[in-house]
Amino acid sequence: MNDRRSVDLLIVGGGVMGLWVAKRGLEAGMSILLLADAPNATPKGGSANPLGALMPHAPDRWGDLAAFQFQALIDLETEAARLEEETGIAVGYQRIGRLTPLRTEAAIDETQAQARAAAENWRTADGRAFTLAHRAIRADDPIAPAAAPLGVRADDLTARIAPRAYLSALRASLTRGGSIHLGAQAVELAADHVRLATGETLRAGAVIVAAGAASFALLSRLTNRAEQDLGRGIKGQAAIFEPPARIREQLAGAPMLYAGGLYITPHADGRIAVGATTERNWRWADRPDAQAASLAAAASALCPALAGLQPSRFWAGLRPRTASRMPAVGALELANGRSLWIATGGYKISFGLAHRAATALIEQIRGDEPSAALPAAFAPALALTQRPRKHTSV
Ligand SMILES: Cc1cc2nc3c(=O)[nH]c(=O)nc-3n(C[C@H](O)[C@H](O)[C@H](O)COP(=O)(O)OP(=O)(O)OC[C@H]3O[C@@H](n4cnc5c(N)ncnc54)[C@H](O)[C@@H]3O)c2cc1C
C-alpha cells in the first residue's frame, strides 16, 4: 500500500460543504487535506451554480431546523465579511430581501400568518428583527404588475452571495495551513483512509464525505444499501444575463424575485442569475439543454426589465438530494463500529448554512461541547433514510 502522510481530516469533495468543513477543521488546529476531483480550481458540482440564493425557512413552521437556518443566515453576514478581509476576494454577499407575487386570497392569508410568526421568530439575541409582510406592489419593484395581481410577500431576511467568488475565497483561505489535492478522485472510503482512482491510499484520523451527488454511490458501496435509497442527484439548470448598463442600474440592489420555483437573483457585479429547473432524468448532468432556454421567457414574464434580453450563458449541474431532502451532516456508524463523517448538502439550502453545519460537525469529530447543535433531521441515519417532509421554505 502506497501511504501518504496521515492527516487529522481527509475531506472528499470541494463544494461549499467540504470547503467549510476544511476551514473549520483548520481553525480548530487540525491538519487537513481536501480531495477535489476537478482537475483545476474551477469547481464542479452543485456549488458552482450561479444563483447563490440564501433563503429563510418559513417562520410559521418553527423548530430546530428553522432556528438553525435563521441563525446561520444571520452569522453569514459576519462570516462573509471576515472571509473577504482574510482573502481580499469580494464574495458578493448582500441581504437584498425577496418578493414573491401573490395571486390568491389563500396566499394572502398564509402570508399574514407568516408575518405574525416572523415578528415572533425572526429576532436575534442582540435585538435585531427581520420582517415578512403582504404589501401592494410599488412603482420601483422589478416585478410585472400582471404577475402579482394581489400584491407581494416581501421579506428583508433573504440574502445572496456570488457562489464562484465565495468558493474561491474559501479555497484561498485554506492555502494558509491546509492542502487541496486537485484532480484526486476518491473511489473507496473507510473510517480511516481513502483510496484514489490512481490506486494511492491516503490515511486520516477522520474521513468526511462531502462529495455532493456522488456521495450516495460512494456510501452505497460501504453500507450495502442501494444508491437510490440513500439519495440521488437532481439536475438543475440556470441562465445568466449580463444586461446593458441601463438595466444594471435599474436592478442594482433590487430584491430577489421568487415565483413557483423560479428565482431571479441580481448580483453585485450586475449579472442576473435565473433558475432553476429540476430534472430527475437527463442525458448529460452538466450540459444545459432546452429546459434551460425556457428560463429566459419565464424570467421576462416575472421581471419586465429582462424582456427582450438573451442570457449570455447557461449552466447545468447536480444537486445532492438525500432521501429526506435534508442535508446529511454527522457520523455514520459503520458495521465495524467505526464512524465515517458525512457533510453532504441539502437539496436547495446549503449555501445559507454550510458554515454553521461545518462548525457543528468539527465539534462532533473533536468531541467538543456543541456551540451550534445540528437539527435532528440532519443526522445521516435519518437524512439518508426518511421520506421528505413538506416543503418548508417561504
Ligand atoms: C441550478 C442550481 C441552483 C441552485 N441554487 C441554490 C441556491 O440558490 N441556494 C442554495 O443554497 N443552494 C442552491 N443549489 C443547491 C446547492 O448547489 C447544493 O445544495 C450544494 O452546492 C451542495 O453542496 P455540496 O458541497 O454538498 O456538493 P457539491 O457542490 O456538489 O460538491 C461536491 C464536490 O465533490 C466533488 N466530488 C464528487 N465525487 C468526488 C470524488 N469521488 N472524489 C473527489 N471529489 C469528488 C464534486 O466534483 C464537487 O466539487 C442549487 C443547485 C442547482 C443545481
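Peer 1: What should I look at first to understand the overall build of the chain in this one?
Peer 2: Counting secondary structure elements, the chain contains 10 helices and 18 strands. The principal-axis extents of the C-alpha atoms in the chain amount to approximately 65 × 40 × 40 Å. Across the chain, contacts joining residues at least 24 apart in sequence account for 74% of those joining residues at least 6 apart.

Peer 1: Even after reading the chapter, I still don't get the pairing of strand 2 (residues 32–36), so can you show me in this structure?
Peer 2: The side chains of a regular strand alternate, first on one face of the sheet and then on the other. Along strand 2, five of the five residues are buried, which leaves the element largely enclosed by surrounding structure. For the crossover that starts at strand 1 (residues 7–12), traverses helix 1 (residues 16–27) and ends in the parallel strand 2, the hand is right-handed. Note: strand 2 against strand 8 (residues 179–182), four bridges, orientation parallel. Looking across to strand 8, one finds that L35 is bridged to H181.

Peer 1: Help me out: how do you make sense of the site of the ligand in this one?
Peer 2: Close to the ligand lie 43 residues, the nearest being G15, G45, G212, G236 and G345. Here the shell around the ligand is composed, by residue class, of 19 nonpolar, 20 polar and four charged.

Peer 1: I would appreciate a short explanation of the pairing of strand 12 (residues 231–241) in the present structure.
Peer 2: Of all 11 residues that make up strand 12, nine are buried, and the element is covered over most of its length. Summarising the sheet, strand 12 and strand 16 (residues 313–322) pair through 10 bridges and their orientation is antiparallel. Of the residues in strand 16, the one forming a bridge with G231 is T322. Relative to strand 15 (residues 272–275), strand 12 runs antiparallel, the two sharing four bridges.

Peer 1: Before we go on, may I ask you to explain the sheet that holds strand 13 (residues 256–259) in this structure?
Peer 2: Within a sheet, neighbouring strands are paired by backbone hydrogen bonds and run either parallel or antiparallel to one another. Taken together, eight strands build an open sheet; the order of strands is 5-6-4-13-14-15-12-16 and the sheet is mixed. The outermost strands of the open sheet, each flanked by one partner alone, are strand 5 (132–135) and strand 16. On average, adjacent strands in this sheet sit at an angle of 20° to one another, irrespective of strand direction. In the packing of helix 3 (residues 105–121) onto the sheet, the strands contacted are strand 5 and strand 6 (152–155), and the crossing angle to strand 5 comes to about 145°.

Peer 1: Could you clarify how one ought to interpret the packing of helix 2 (residues 64–87) against helix 4 (residues 163–174) in this entry?
Peer 2: A pair of packed helices is characterised by two quantities: the angle between their axes and the separation of those axes. At a closest axis distance of 9 Å, the pairing of helix 2 and helix 4 adopts a crossing angle of 60°. Our classification of the angle between helix 2 and helix 4 gives oblique. As helix 2 runs across helix 4, the sense of the crossing is left-handed. Residue-level contacts link L83, E84, E86 and T87 of helix 2 to A169, L170, A172 and S173 of helix 4. By residue class, the composition of the contact of helix 2 with helix 4 is four nonpolar, two polar and two charged.

Peer 1: I keep staring at the environment of S173 and nothing clicks. Help me out?
Peer 2: You can see S173 is positioned in helix 4. By C-beta crowding, S173 is classed as buried, having 20 other C-beta atoms within 10 Å.

Peer 1: Help me understand unusual backbone geometry in this model?
Peer 2: Note: most residues except glycine have negative phi, and most peptide bonds are trans. Geometrically, the link from G275 to A276 is a cis peptide bond, its omega value of 0° lying close to zero. Looking at the secondary structure, you find A276 in the loop between strand 15 and helix 8 (290–302).

Peer 1: Looking at this structure, how should I read the nonpolar core?
Peer 2: Soluble globular proteins: nonpolar side chains tend toward being buried together. Grouped together as the largest cluster of nonpolar side chains are 124 residues, with contacts concentrated most on I11, V12, V21, I208, V209, A343 and L361. Counting residues per element, this core draws most heavily on helix 2, which supplies 10 residues. Dropping the residues within four chain positions of it, V12 is found in contact with L35, A186, L189, V194, I208, V209, A210 and A211.

Peer 1: What is the right way to read the packing of helix 1 against helix 4 from this model?
Peer 2: Running from amino to carboxyl end, helix 1 crosses helix 4 at an angle of 30°, the nearest separation of the two axes being 10 Å. By the angle between their axes, helix 1 is roughly parallel relative to helix 4. Both helix 1 and helix 4 take part in a crossing whose hand is left-handed. Side by side, helix 1 and helix 4 meet where V16, L19, W20, A22, K23 and L26 of the first sit next to L167, L170, R171, S173 and L174 of the second.

Peer 1: Where do I start with the environment of L353 in this structure?
Peer 2: On the secondary structure map, L353 appears in helix 9 (residues 350–366). On the neighbour-count criterion, L353 (32 C-beta atoms within 10 Å) is buried. Separated by 15 residues in the primary sequence, L353 and D368 place their C-alpha atoms 20 Å from one another. Aside from chain neighbours lying at most four places away, what touches L353 is F68, Q69 and A72.

Peer 1: Looking at this model, I keep getting lost on helix 2. Mind explaining?
Peer 2: An α-helix turns once every 3.6 residues. As a result, residues three or four positions apart point the same way. In a regular helix each residue adds 1.5 Å, so 24 residues correspond to 34 Å; helix 2 covers 33 Å between its end C-alpha atoms and thus fits that length. Maximal helix bending in helix 2 amounts to about 30°, located at L76. Within the span of helix 2, buried status applies to L65, A66, F68, Q69, F70, A72, L73, I74, L76, A80 and L83. Buried positions along helix 2 lie against strand 3 (53–54), strand 7 (159–160), helix 4 and helix 9. Phi turns positive one or two residues past the end of helix 2, at G88, with a value near 75°.

Here is what the cut-offs are and how they apply
- Note on numbering: residues in each chain are counted from 1, in written sequence order.
- At least 70 in pLDDT is required for a residue's local features to be given in this predicted model, at least 80 for side-chain atom pairs to be given and counted, and no such filter applies to totals for whole chains, interfaces and linings, which use all residues.
- The helix and strand labels rest on DSSP assignments: H or I over at least four residues marks a helix, E over at least two residues marks a strand, and numbering proceeds from the N terminus.
- This entry defines residue contacts through backbone-placed C-beta atoms, with two residues in contact when those atoms are within 7 Å.
- Three exposure classes are used, all based on how many other C-beta atoms lie within 10 Å of a residue's own C-beta (placed from the backbone): buried at 20 or more, exposed at 12 or fewer, and partly exposed between those limits.
- Convention used here: a crossover is right-handed provided that the path from the first strand, over the helix, to the second strand proceeds clockwise when the strands point away from the viewer.
- For two strands to be treated as a pair, DSSP must find no fewer than two bridges joining them.
- Defining nearness, a residue is near a molecule or strand when the C-beta atom obtained from its backbone falls within 6 Å of it.
- Nonpolar residues are Ala, Val, Leu, Ile, Met, Phe, Trp, Tyr, Cys and Pro. Charged residues are Asp, Glu, Lys and Arg, and all others, Gly as well, are polar.
- Fitted lines through C-alpha atoms serve as axes, helices being fitted only where they are in contact, and the angles separating the N-to-C directions of these axes extend from 0 to 180 degrees.
- Angle categories: roughly parallel below 35 degrees, roughly antiparallel above 145, roughly perpendicular from 65 to 115, and oblique for all the rest.
- Crossings are sorted by hand: turned counterclockwise from the far helix by less than a right angle, the near helix makes the crossing left-handed, and turned clockwise it makes it right-handed.
- Each nonpolar core reported here comprises buried Ala, Val, Leu, Ile, Met, Phe, Trp, Tyr and Cys residues connected via C-beta atoms within 7 Å.
- To estimate how far a helix should extend, the number of its residues minus one is multiplied by 1.5 Å.
- The angle separating two fitted axes, one through the seven residues that finish at a residue and one through the seven that start at it, defines the bend at that residue.

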